[in-house]
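Close look at the chain arrangement
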Amino acid sequence: MFKAILFAALAPVVLGATFVVQLGLNNGLTFTPNTLVADIGDVITFIEFVLLPSRLLNSALPRSSVSRNHTSTTTNFDGAVCPPPDGGVGPNGWDSGFLSDLDGSLPSFNYTVVDTLPHFASCKQAAGAHCVAGMVFALNPTAEQTFEQFQTNAETNPIVTK
Ligand SMILES: [Cu+2]
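For the structure given in this document, a descriptive report is provided here. (Residues numbered from 1 in each chain as written. Predicted model: local features only at pLDDT ≥ 70, side-chain atom pairs only at ≥ 80, totals over all residues.)

A separate point is the sheet that holds strand 10 (residues 136–139). With mixed pairing, 4 strands are arranged side by side in an open sheet as 3-10-9-6. Taken across any chain shown, the strands that pair with only one partner, and hence form the sheet edges, are strand 3 (35–36) and strand 6 (73–75). Direction of pairing for strand 9 (residues 119–122) relative to strand 10: antiparallel, over a ladder of 4 bridges. The residue bridging Ser122 from the neighbouring strand is Val136, located in strand 10. Against the sheet, helix 4 (residues 147–155) makes contact with strand 3, strand 9 and strand 10, and its axis sits at roughly 145° relative to strand 10, the strand it touches most. (Pairing = 2+ DSSP bridges. Helix = DSSP H or I, 4+ residues; strand = E, 2+ residues; numbered from the N terminus. Contact = placed C-beta atoms within 7 Å. Axes fitted to C-alpha atoms, helices over the stretch in contact; angles between N-to-C directions.)

This part takes up the nonpolar core. One finds Leu23, Cys131, Val136, Phe137 and Ala154 to be the most contacted residues of the largest nonpolar core, which totals 25 residues. Only strand 1 (18–23), strand 4 (43–48), strand 9, helix 3 (129–132), strand 10 and helix 4 provide two or more residues apiece to this core. Ranked by the residues each element gives to this core, the list is headed by strand 10, at 4 residues. Setting aside chain neighbours within four positions, we find Cys131 in contact with Val81, Cys82, Pro83, Pro84, Ser122, Cys123, Val136 and Ala154. (Core = buried A, V, L, I, M, F, W, Y, C linked by C-beta atoms within 7 Å. Buried ≥ 20, exposed ≤ 12 C-beta atoms within 10 Å, placed from the backbone.)

What follows is about the sheet that holds strand 4. Taken together, 4 strands build an open sheet; the order of strands is 2-1-4-8 and the sheet is mixed. This sheet does not close on itself; its edge strands, each paired only once, are strand 2 (31–32) and strand 8 (108–112). Where strand 1 and strand 2 come together, 2 bridges link them in antiparallel fashion. From the neighbouring strand, Gln22 faces strand 2, where its bridge partner is Thr32.

Along helix 4, the residues classified as buried are Phe150, Gln151 and Ala154. On an axial view of helix 4, the arc spanned by its buried residues comes to 100°, and they lie on one face. Buried-residue contacts for helix 4 involve strand 9, helix 3 and strand 10. (Arc of directions from axis to C-beta.)

Here we take up unusual backbone geometry. Glycine aside, residues mostly have negative phi angles, and peptide bonds mostly take the trans form. The residue after Cys82, namely Pro83, is reached through a cis peptide bond having omega -10°. In this model, Gly90 is joined to Pro91 through a cis peptide bond whose omega is 0°. Mapped onto the elements, Pro91 comes out in the loop between strand 6 and strand 7 (99–100). Look at Asn92: it is not a glycine, yet its phi comes out positive at around 65°. Within the secondary structure layout, Asn92 lies in the loop between strand 6 and strand 7. What makes Asn92 partly exposed here is the crowd of 14 C-beta atoms within 10 Å. Positioned with a positive phi, Leu106 is a non-glycine residue whose angle comes to about 50°. The residue Leu106 is located in the loop between strand 7 and strand 8 in this model. By the C-beta count within 10 Å, which is 13 here, Leu106 ends up partly exposed.

Right, here's the structure in full:
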């Protein structure tokens, strides 16, 4: 009886897919992949994930690159794109906060998809400099709001001073 109830309670969680998005792979100012199509209930795990081969071969990793500290934060598709605001642009946006891999801890942040609308994210690091450099991510982009146009909007957007 108890097991049956427990299984029923967990079943909806099991049905959702899980996606992994790497931030700063190979020290790049990138999200990998930079675009996802996901359904309600799916989980996106954003993870700071830099130079895995070096991790395996050498535990004494250099800790000096600011590229090892990024955020995934929703922002506007156009207009004030960079930097994304604290807390992220909503509704149903997100802000991972800074995921610092400076200590080699491979920090991550989970976002559970709650609608099928397009959401556009970037990185808050360096007062928007990573955003302007094109470090952007699109969840469920559309024919009208494409990843490519969002990236162009970020790269041509003057940094908004707070
Ligand atoms: Cu960044």
